[in-house]
Amino acid sequence: MSGYKDPNLQDRLALAQKAREQALKKLADAPKLDEATIAKRKAAQEAREAAIAEKSAAKRAAIAQAKADKQAAAKAKAEADAVPAPTEAELKAARDAKYAARKKRKKG
C-alpha cells in the first residue's frame, strides 16, 4: 500500500490552471442576457427601491407624528397642571398678611 504523496509545486500550479480554464469556459458558455431581460430586471430593481423608499418615508413620518403628539400631550398636561401665577393683588394681600402676623407676634 502506497502512502499519501503531497503534490509538488508544479502539480498544484497545473491543477490551479486547469480549474481557472474550466471556470472561464463555464463563464463563456453562459447564455448572454438580451436587452429586454436586462430592462425588465432593472425596472424590477427600481420598483423595489421605490417601495423601500416609500416605506422608509412613511415610517419617518409616523415617528415624527408620534413625537409631535407626545410633545402636544406633554404641553397640554403641563398647562393643566400649572398653577397660575399670582396677581399683584394676591401678592400684596399675602405680604400684608405676613406683616400683620409679624406685628401681632411682637405685640402679643
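Here is a short report on the structure shown in this document. Please read these numbers as outputs of a predicted model, since none were measured by experiment. Note on numbering: residues in each chain are counted from 1, in written sequence order. Only residues with pLDDT of 70 or above have their local features reported here, since the model is predicted, and side-chain atom pairs are shown and tallied only from 80 upward, although totals for entire chains, interfaces and linings are computed over all residues. Heavy atoms from the whole structure form the basis of all side-chain values; hydrogens and water molecules are not counted.

Concerning the overall build of the protein
1) Next: Secondary structure counts use DSSP, requiring at least four H or I residues in a row for a helix and at least two E residues in a row for a strand, with both numbered from the N terminus. Assigned secondary structure in the protein consists of three helices and zero strands.
2) Next: Taken over C-alpha atoms, the radius of gyration comes to 42 Å for the protein, far larger than the 13 Å a tight globule of 108 residues would show.
3) Next: If one aligns the C-alpha atoms of the protein with their principal axes, the spans along those axes are about 125 × 50 × 20 Å.
4) Next: Across the 108 residues of the protein, 0% fall into the buried class. The globule rule is 2.2 Å times the number of residues to the power 0.38, and the radius of gyration it is compared with is taken over C-alpha atoms. Exposure classes here rest on a 1.4 Å probe applied to the protein chains alone. A residue is buried below 20% of its type maximum, exposed above 50%, and partly exposed in between.

Points about the pattern of salt bridges
1) Next: By convention in these notes, a salt bridge is any Lys or Arg side-chain nitrogen within 4 Å of a carboxyl oxygen on Asp or Glu. For the structure on display, the rule yields three salt bridges.
2) Next: Two residues, Lys77 and Asp81, come together in a salt bridge whose shortest N-O distance is 2.9 Å. Highlighted residues: Lys77 and Asp81, both in helix α2 (residues 35-81), separated by four residues, approximately one helical turn.
3) Next: Residue classification places Lys77 among the exposed residues on the basis of a relative accessible area of 53%.
4) Next: Lys92 is paired through a salt bridge with Asp96; the nearest N and O atoms lie 3.1 Å apart. Of this pair, Lys92 and Asp96 both sit in helix α3 (residues 88-107), four residues apart, which is roughly one turn of the helix.
5) Next: For Lys92, a relative accessible area of 45% gives the class partly exposed.
6) Next: Judged by its relative accessible area of 37%, Asp96 is partly exposed.

Notes on the environment of Asp6
1) Next: Locating Asp6 in the fold gives a position in the segment before α1 (9-29).
2) Next: Owing to a relative accessible area of 59%, Asp6 belongs among the exposed residues under this scheme.
3) Next: Distance in space between the C-alpha atoms of Asp6 and Lys25 is 28 Å, their sequence separation being 19 residues.

Some remarks on the environment of Ala100
1) Next: Looking at the element boundaries, Ala100 is found in helix α3.
2) Next: Spatially, the C-alpha atoms of Ala100 and Glu54 are 71 Å apart, while their sequence positions differ by 46 residues.

Quick notes on a positive patch on the surface
1) Next: A surface patch of positive charge is lined by Arg95, Lys98, Arg102, Arg105 and Lys106.
2) Next: With respect to the helices and strands, the residue Arg102 is situated in helix α3.
3) Next: Its relative accessible area of 35% is what places Arg102 among the partly exposed residues. Residues with no salt bridge and a relative accessible area higher than 30% make up the patches, which join like charges within 9 Å and nonpolar side chains (Val, Leu, Ile, Met, Phe, Trp, Tyr) within 5 Å. All accessible-area figures derive from a Shrake-Rupley calculation using a 1.4 Å probe, and residue coverage is judged against the displayed protein chains alone. Under this rule, positive means Lys or Arg and negative means Asp or Glu; His and the chain ends count for nothing. Charged groups are reduced to one reference atom each: NZ for lysine, CZ for arginine, CG for aspartic acid, CD for glutamic acid.

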